[in-house]
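Next come the chains, spelled out residue by residue.
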Amino acid sequence: MRRRELFVCVSLLLLSNLATTVIASEPSDPETAIRQMVRANAEKDLPTLSRLMAHDADITSYSVGGRKYVGWPEFEREMREEFVNTKKIEIPITELKVWTKGDLAWFTMELDYIRYVGEGSEVKRTVLPLRETGVLERRAGRWQLLSWHESFRSAQLGGPLASPSADAGSHRLVSDAAATTMPDVSGEWEILEVEDEKRYKSTLDRSGNGSYTQHGGRFVTTKFADRLWQGTWQQPGNDREGGFEVLLSEDGSEAKGIWWYTRVGNHKNIPPREHGGTYEWKRLTPKPANAPMSQLQSFRATPTSSEPGLKSSLSLPVGGLMHGFLISLITAVFMVTSAYADGGHNHHAVPTLKKQVGSKITYGENTATLTFGPIDLPAGHTEGDMGDSMPRFNFQLPEDRYLIGFKSALSTVDGKELPRNYLHHILMINNTRPSVSCPGEPLFFGGAGLEMAETQFPDGYGVKLSATDKLMTVVAFYHGAPPTKDVIATFTMYFAPKVKLVKEMEIYQVGVNIVCFTKFGDRPADQTDEGIEIGPGVQVRTAPLKFGMDGCVKYAYPHGHDELLLIALENKTKKQTLLRTVPDVERDGTLREFLPHQVYKDGQGFPISKNDDYEMVMVYHHSLQNTEPQHGMGNYLLYMTPGSCSPQSASATP
């Protein structure tokens, strides 16, 4: 995969860690600008795309599947997601015509958007024949794309696409008929909501309208073209509604696709296609004898395995000149990994718990915000090495950055702040880099529990995250949280400005309870995923500790549970207390937060040595009248530079 170039000022050439490049000369004519945009899309070169596209706030463009883009930010976000989710992109132009009048130009273009997803022998190749039109304007001597429209190409019916591949794992989409007549779909259908394994029945008329057996549900078909079946669903029983899009099989006996929310109760601002799941429909009654079949041949795909039907062959447009455009559906079909469900909800009851829709990431200039949900609580989490209530979200940053802090939050979709102890944990994992504290495990580089402490490292220090690093989030909510609808958790990462010099830190996990996932099998009987069992009254727990490296600790992120009074780190060899952290709590012992002056942050730092003996300490008080068992943790994430501490530091922070 080609690395995206970093554009930097000449004054930054002394920074050896940054790649530099000379911006290509501006295109002198609109055709050159169009070809540069297509090439930038194929090369995942977002800066060039940004330069060649106007950023006017009111510019409106359209893509396949009814997608609409107003302005640049939403489109930029989806471009970043596409570049992360694809191994390679090829976009051969098969036809391009351009007309110019003064400072305006318009064009028509046909191209093939060829998308590679997966690794090694699992790489899947999808060819999408597309048609583009658009308008450009010359501004200050530079040709920029103002607005564009994209559609699926029906030319060359039945013929091969440009530059076909014989790869065994490729998907080749062709079209051999233009009929779009709605087939007779009357009868009884079994509907499977895949992620939650929920099955129910629907009785439809010949036009695709009818009821289904969940909360008084009803389907309404709004469009049918090339076997692509679209419509809406409503559930009066739980006051929810949304849309669906499925692809009907050639013999009309099954359909597969997605569903999504547009409204949940009073929440009417849910973006279509962002929260939902995947569908599998199967006809239970015989297909009507007079159902026309010619129209069922108009969206044919070459299977990639010996299994018949749709399972290995569903292909839908993603994007041509630019990405966008049904990315959630492409992800659902071509990037399926394990999905998780809480097992206790009815159809359409939880807008998440589906890998392709449960989480998303948005970027600012020096931030990246992960959003998890909305989800209905309580939602249990799995046992094992890492508990999760939601599908694990995998992503990569668009470029190398230094993490200099993070912040988490918990609320409902309408902005109502929720108690911190509804969150069990957010874990940020770098699967590319090894852990320095837990051999054989990936790096745990940040996260939050119910403490939700906002983190800002000392000035001039950070954690390097490369564009090639495969990052993952693991999110779990407290299983004892009261019933709460439409909960959103967010985790915002702060990055150092690109022009700033940053010294890299390592991360070390320490705790009274066992913190390494691979050591969970060695936990004593009083330890679980919830922590160490705490009896009534004051409890003091300690655990010996040996470091595997020498370092200088600059920041210590604390974590504990309700009823925690103190956690500490002590050097037993030198008889020194290095950290002593006390949380702010409610009168009943509910943990509120670790106040800033209780969180260690110092650019000077303190040393740790692999030759010394250390001890972790935690103190809890469990109310005498509370007979329910309590579990506690006392952990730190230590952010440190390797080696010894410098005698003095100009960047020390009090």
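A.B. asks: Help me out: how do you make sense of the overall build of the chain in this one?
C.D. replies: Helix and strand counts for the chain stand at four helices and 41 strands. In the chain, which comprises 654 residues, the proportion classed as buried is 54%. Sequence separation of 24 or more characterises 70% of the internal contacts of the chain that already satisfy a separation of 6 or more. For the chain, the exposed surface amounts to about 27,800 Å²; the carbon and sulfur share of it is 51%.

A.B. asks: Mind showing me how you'd approach the sheet that holds strand β11 (residues 210–212) here?
C.D. replies: Sheet architecture is closed into a barrel: eight strands sit in the order β9-β10-β11-β12-β13-β14-β15-β16, paired in antiparallel fashion. Between one strand axis and the next, the sheet turns through 30° on average, direction left out of account. Pairing between strand β15 (residues 254–264) and strand β16 (residues 276–283): seven bridges, direction antiparallel. From the neighbouring strand, Glu254 faces β16, where its bridge partner is Lys282.

A.B. asks: Explain the packing of aromatic side chains to me, please; I cannot follow it from the model alone.
C.D. replies: Between two aromatic rings, the relevant description is the distance of the centres plus the angle of the planes. Considering all chains together, one arrives at 27 aromatic pairs under this definition. When the centroid spacing of 5.8 Å and the interplanar angle of 75° are considered together, the rings of Trp189 and Trp229 count as edge-to-face. Here Trp189 is found in strand β9 (residues 187–193), whereas its partner Trp229 is found in strand β13 (residues 228–235), with 40 residues between them in sequence. The pair Trp189 / Trp229 is uniform in exposure class, with both members buried. Between Tyr279 and Trp281, the ring centres sit 5.6 Å apart and the planes meet at 70°, which makes this aromatic pair edge-to-face.

A.B. asks: Got a minute to help me understand unusual backbone geometry in this structure?
C.D. replies: Trans is the prevailing form of peptide bonds, just as negative phi is the prevailing case for residues other than glycine. A cis amide bond, omega 10°, links Gly373 with the succeeding residue Pro374. The topology assignment puts Pro374 in strand β19 (residues 367–377). We note that Asp486 has phi near 55°; this positive angle belongs to a residue other than glycine. Residue placement: Asp486 occurs in strand β27 (residues 484–495).

A.B. asks: Could you clarify how one ought to interpret the pattern of salt bridges in this entry?
C.D. replies: A side chain of one charge can pair with a side chain of the opposite charge when the charged atoms of the two come close. On inspection of all chains with the given rule, the structure shows 26 salt bridges. Between Arg138 and Asp103 there is a salt bridge, with its nearest N and O atoms 3.0 Å apart. Of this pair, Arg138 sits in strand β6 (residues 124–139) while Asp103 sits in the loop between β4 (93–101) and β5 (104–117), and the two are 35 residues apart along the sequence. A residue is classified by how much of its surface remains accessible, and Arg138, at 32% relative accessible area, is partly exposed. Taking the relative accessible area as the measure of exposure, Asp103 reaches 41% and is therefore partly exposed. The shortest N-O distance in the salt bridge between Lys574 and Asp612 comes to 2.8 Å. A residue pair is termed long-range when its members are at least 10 positions apart, and Lys574 in the loop between β34 (564–571) and β35 (576–581) and Asp612 in the loop between β38 (601–608) and β39 (614–622) qualify at 38 residues. For Asp612, a relative accessible area of 8% corresponds to the buried category. Among the charged side chains, a salt-bridge network with shared partners connects Asp56, Glu137 and Arg139.

A.B. asks: Please explain a nonpolar patch on the surface as it appears in this structure.
C.D. replies: A surface patch of nonpolar side chains, about 360 Å² in accessible area, is lined by Trp99, Leu104, Trp106 and Val135. Structurally, Trp99 is set in strand β4. Look at Trp99 and you get partly exposed, because its relative accessible area is 37%.

A.B. asks: Hey, could you run me through the pairing of β9 in this one?
C.D. replies: Of all seven residues that make up β9, five are buried, and the element is covered over most of its length. Note: β9 against strand β10 (residues 198–204), seven bridges, orientation antiparallel. Its bridge partner lying in β10, Trp189 is registered against Ser202. The pairing of β9 with β16 spans five bridges and is antiparallel. What sits directly across from Leu192, in β16, is Glu280.

About the criteria used
- Residues numbered from 1 in each chain as written.
- Predicted model: local features only at pLDDT ≥ 70, side-chain atom pairs only at ≥ 80, totals over all residues.
- Heavy atoms only, no water.
- Helix = DSSP H or I, 4+ residues; strand = E, 2+ residues; numbered from the N terminus.
- Buried < 20%, exposed > 50% of the residue type's maximum accessible area, 1.4 Å probe, protein only.
- Contact = heavy atoms within 4.5 Å.
- Areas by Shrake-Rupley, 256 points an atom, 1.4 Å probe, with all protein chains shown as cover.
- Pairing = 2+ DSSP bridges.
- Axes fitted to C-alpha atoms, helices over the stretch in contact; angles between N-to-C directions.
- Phe/Tyr/Trp six-rings, centres within 6.5 Å; stacked < 30°, edge-to-face > 60°.
- Salt bridge = Lys/Arg side-chain N within 4 Å of Asp/Glu carboxyl O.
- Patch = residues over 30% accessible without salt bridge, like charges linked within 9 Å, V, L, I, M, F, W, Y side chains within 5 Å.

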